[in-house]
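Here is what each chain is made of, one letter per residue.
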Amino acid sequence: MKMTVSQAMVECLKAEGIKVVYGYPGAAICPFYDALLDAENDIKNVLVRHEANGGHSASGYARISGKPAVCIATSGPGAVNLITAIATAYADSIPIVCITGQVNTDQIGSDVFQEADVTGAAEPFVKHSYLLKDPEDVGRVFKEAFYIAGSGRPGPVLIDVPMDVQKMMVDFKYPKSCLIRSYKPTGKGNAWQVKKVTDALRTAEKPLICIGGGVFASNAQQEILELSEQLRIPVITTMMGISVFPDDDPLYMGMIGTHGVTPANRAVNACDTLFLVGARVGDRAVKTPLALEKTTKILHIDIDPAEIGKNIGADYPLVGDAKLVLGQMLDHIKEKPMDIKASRQQWLDELDSYREKIKFKRPVRGTVNPKEFIEKLSERLPENVNICADVGQNQIWASRYKFKKGGRFLTSGGMGTMGYSLPCAIGARMADETRPTFAICGDGGFQMNLMELATAMQYGVDVKVIVMTNTRLGMVRELQTNGYNDRQTAVFLDGSPDFVKLAAAYGIPAVRVTSNKSAEKAIEELATHKGTMLCEVVVDKDFPTL
Amino acid sequence: MKHTISVLVENHSGVLSRISGLFSRRGFNIDSLAVGPTNDPSISRITIVADGDEHTVEQIEKQLNKLIEVIKVKTFGRDDFVARELMIVKVDAPAEKRSEIMTIAEITGAKVMDITLTTMTLEICDRYDKIARFENVIEPYGILEMARTGTVAVERGSEYFSAKK
């Protein structure tokens, strides 16, 4: 059918089942926005308040829907603003498709108004990118972009479309499939290697499973639960793997790493076989991988062959999609059963002895113990909750949330992008409006994204925002205290507004929590209030991360 | 250790920048890089000589393979390939030195491409180490200008490197 490229782009989104786009217009993307207006019944067009936040909202949406989500920006500064979100999605392997306007084809390279080489600038952070110059390519490029973003190891794909191309006419038909000869992501694992890994795991005396974000990316939560249960193998996670396992599962030991919990870190040191599933062994998760690989047998599943052997050597590498590979392993266990129950008990007892009862320190008067607040919050909230944590101390406190089955912990684990939580929460909530959604941030990160309160209000997105305030950039303050002789600098947030009044200015109800008693009341309100709400939790300036 | 890596890529604009960007941001050292079309006009072939240990080369291969437009990657073993690079050099060559330079050219297989009253321009097409030797002996005459390509290489024997296989 004859139509403009812009209309064809809208048809591509419809064909991909896109229901929401997050974006910010400008001159160079106007033709596409004009075409989107004609499709407003099919595609909800959310005007975010900053392009990076549009990318983060798409990221939140993609993580909950399990499919690529879309964000839009104009040329030049709009596109360049989006790069932080692209890099954030890349670091955590989140599938987003970013559409940017570009100046007219004949002006490219001449430094005209709002021109930036965004495909060049974003190149290190994209899974792939396109500069769409030939109108006839529009269907193929969009089909490939969605396929590449969502398959294999997911990631961001950028499509840059010059304004004149958006206005050109094209005889459009959306391709049903695409064939990229140079891109064939692995699915199943090598059958022989699957058996070897399974048997190594079964015969190990002290095996341990380490879950990373790859388990969510491949939707393998059920398979890993089954495997762990059948073989009675205890489980730890990286930050990206939090909430795969319910916290009350007797085999679950918690998050590892610099900011992990002691039982999990002790488990890593004590195990003889470590089974990494979709975890890339980042430096915050495993500080000394070289020491670990010497003492421990490493089994490693990853869909990205480059992750195997990159940070830690693997005795048993296994390339494939976690869901499929774990399925193969479960089949092998069924076909060739082996009795492991008796030998496992001693190891499980050892790990149980590492568990500790958490005692909450009494907070300074007029403040709340943030860890206790998170624990109480998790006791009150239902199972299917989205907890979107920002970056810094608040992220580590939020990581101790006691998840039940079906809960999701969403955070910028790899890039550590401040300001991720609120826009991510908006996207996550819009992807599934049955899920109560919480953004947990500090007073630093909140002031990087608070403009999105307006987006939440404008589109009636029910997100609960918890701002933990200590008038400090707490984690940096702590670094300075411990590593720089307590020479505190550039960490004071004294000019901050009254956040309760600020929320009121947006028409958002808000409460301030300064004691355990007011915490209880606030948590009840957070759990029952319908609509966006803000809760400030006052934390002592010297409260430690751990 | 030096490794010679052949990469078949889609002949798209921007591919070379993705590849060179990958090397710089991952901290891989490139000695030389040569790129040109192949018999299939949709495919270009890039030959990279890189320095690094086994682990680095494994990572280079894997990271290259992750680029969507990379079709195939192959690292050649130590001696199982033929490799050539081209050097053109303009040397100071007054009349009394010409015959000496001609002798060097004859021995090393270099060719005289241009001559003036005061200079000679020579080309040599050979392996990296042979070119280095030529450079050593010609250097004392005074190199005025030099241009050099990267290495291109093809596997020895009847096996061949192709996008189709």
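Source: prediction; values computed, not measured.

### Some remarks on the nonpolar core
Residues and elements named next belong to chain A.
Point 1. Ranked by internal contacts, the top residues of the largest apolar core, which has 49 residues, are Tyr 22, Leu 422, Met 430, Phe 446, Val 463, Val 465 and Leu 534.
Point 2. Once residues lying within four places of it in the same chain are set aside, the contact partners of Val 465 are Leu 422, Ala 439, Cys 441, Phe 446, Leu 453, Met 533, Leu 534 and Cys 535.
Point 3. Judged by nonpolar contacts, the second largest core, of 39 residues, contains Ile 18, Ala 35, Ile 180 and Tyr 183.

### Some details on unusual backbone geometry
Point 1. Positive phi, close to 55°, is recorded for Gln 114 of chain A, a residue that is not glycine.
Point 2. When you line up the elements, Gln 114 of chain A lands in the loop between β5 (96-102) and α5 (118-121).

### Remarks on the interface of chain A and chain B
Point 1. On the side of chain B, 19 residues touch chain A, which itself brings 18 residues to the contact.
Point 2. Taken together, both faces of the contact between chain A and chain B bury some 1500 Å²; the carbon and sulfur share is 43%.
Point 3. Contact with chain B buries surface across chain A, with Glu 123, Arg 181 and Ser 182 of chain A losing the most and accounting together for 39% of the total.
Point 4. There are three salt bridges connecting chain A and chain B.
Point 5. As a salt-bridge pair, Asp 304 of chain A and Lys 66 of chain B come within 2.6 Å of each other at their nearest N and O atoms.

### Considering the pattern of salt bridges
Oppositely charged side chains can form a pair if their charged atoms are brought close together.
Point 1. Going through the model one piece at a time under the given rule, you end up with 30 salt bridges over all chains.
Point 2. A salt bridge links Asp 304 of chain A to Arg 153 of chain A, with the nearest nitrogen and oxygen atoms 2.8 Å apart. With Asp 304 of chain A in the loop between β13 (297-302) and β14 (316-319) and Arg 153 of chain A in the loop between α6 (138-150) and β7 (157-162), the pair connects residues that are 151 residues apart, well separated along the chain.
Point 3. Put simply, Arg 153, Asp 304, Glu 307 and Lys 310 of chain A together with Lys 66 of chain B are held in one network by salt bridges that share partners.

### Structural notes on the domain arrangement of chain A
Residues and elements named next belong to chain A.
Point 1. By domain assignment, chain A separates into domain 1 (2-171), domain 2 (191-354) and domain 3 (370-538).
Point 2. Each of domain 1 and domain 3 has a C-alpha centre, and these two points are 29 Å apart.
Point 3. Across the boundary between the two partners, domain 1 contributes 23 residues, which contact 28 residues of domain 3.
Point 4. Buried area between domain 1 and domain 3, both sides added, is near 2000 Å², and the carbon and sulfur share of it is 60%.
Point 5. If you sort the residues of domain 1 by the area they bury against domain 3, Arg 49, Arg 63 and Ile 64 come out on top, with a joint share of 33%.
Point 6. Summed over the shared surface of domain 1 and domain 3, the result is zero salt bridges.
Point 7. Those elements giving two or more residues to the side of domain 1 that touches domain 3 turn out to be β2 (20-23), β3 (44-47), α3 (51-65) and α4 (77-91).

### Brief notes about the sheet that holds β3 of chain A
Residue and element names in this part refer to chain A.
Point 1. Spatial strand order, β3-β2-β4-β5-β7-β6: six strands in an open sheet with parallel pairing. Edge positions in the sheet fall to β3 and β6 (128-131), since each has one partner strand and no second. Here the strands of the sheet are splayed against their neighbours by 20° on average, with no regard to which way each runs.
Point 2. Pairing analysis gives five bridges linking strand β4 (residues 69-73) to β5, with the strands arranged parallel.

### Quick notes on the environment of Gly 76 of chain A
All names here are of chain A.
Point 1. Take Gly 76: it is sitting in the loop between β4 and α4.
Point 2. Note on Gly 76: relative accessible area 4%, which makes it buried.
Point 3. Sequence-wise, Gly 76 and Arg 140 are 64 residues apart; in three dimensions their C-alpha atoms are separated by 25 Å.
Point 4. When neighbours within four sequence positions are excluded, Gly 76 is seen to be in contact with Gln 114, Glu 115 and Ala 116.

### Some details on the environment of Lys 464 of chain A
Residue and element names in this part refer to chain A.
Point 1. Looking at the element boundaries, Lys 464 is found in strand β18 (residues 463-469).
Point 2. You can call Lys 464 buried: its relative accessible area is 4%.
Point 3. Separated by 69 residues in the primary sequence, Lys 464 and Met 533 have C-alpha atoms spaced 5.0 Å apart.

### Notes on the domain arrangement of chain B
All names here are of chain B.
Point 1. Segmenting chain B into domains produces domain 1 (2-75) and domain 2 (82-152).
Point 2. When each unit is reduced to the centre of its C-alpha atoms, the spacing between domain 1 and domain 2 is 29 Å.
Point 3. At the junction of the two partners, domain 1 supplies six residues and domain 2 supplies four residues.
Point 4. Carbon and sulfur atoms supply 65% of the area that domain 1 and domain 2 bury against each other, a total of about 360 Å² over both sides.
Point 5. In terms of surface lost to domain 2, no three residues of domain 1 exceed Ser 32, Ala 34 and Thr 47, which account for 64% of the buried area on that side.

Rules of the game
- Residues numbered from 1 in each chain as written.
- Chains lettered and ligands numbered in written order.
- Predicted model: local features only at pLDDT ≥ 70, side-chain atom pairs only at ≥ 80, totals over all residues.
- Heavy atoms only, no water.
- Core = buried A, V, L, I, M, F, W, Y, C linked by side-chain atoms within 4.5 Å.
- Buried < 20%, exposed > 50% of the residue type's maximum accessible area, 1.4 Å probe, protein only.
- Contact = heavy atoms within 4.5 Å.
- Helix = DSSP H or I, 4+ residues; strand = E, 2+ residues; numbered from the N terminus.
- Buried area = accessible area lost by both parts, 1.4 Å probe.
- Salt bridge = Lys/Arg side-chain N within 4 Å of Asp/Glu carboxyl O.
- Domains from an automatic or database assignment.
- Pairing = 2+ DSSP bridges.
- Axes fitted to C-alpha atoms, helices over the stretch in contact; angles between N-to-C directions.

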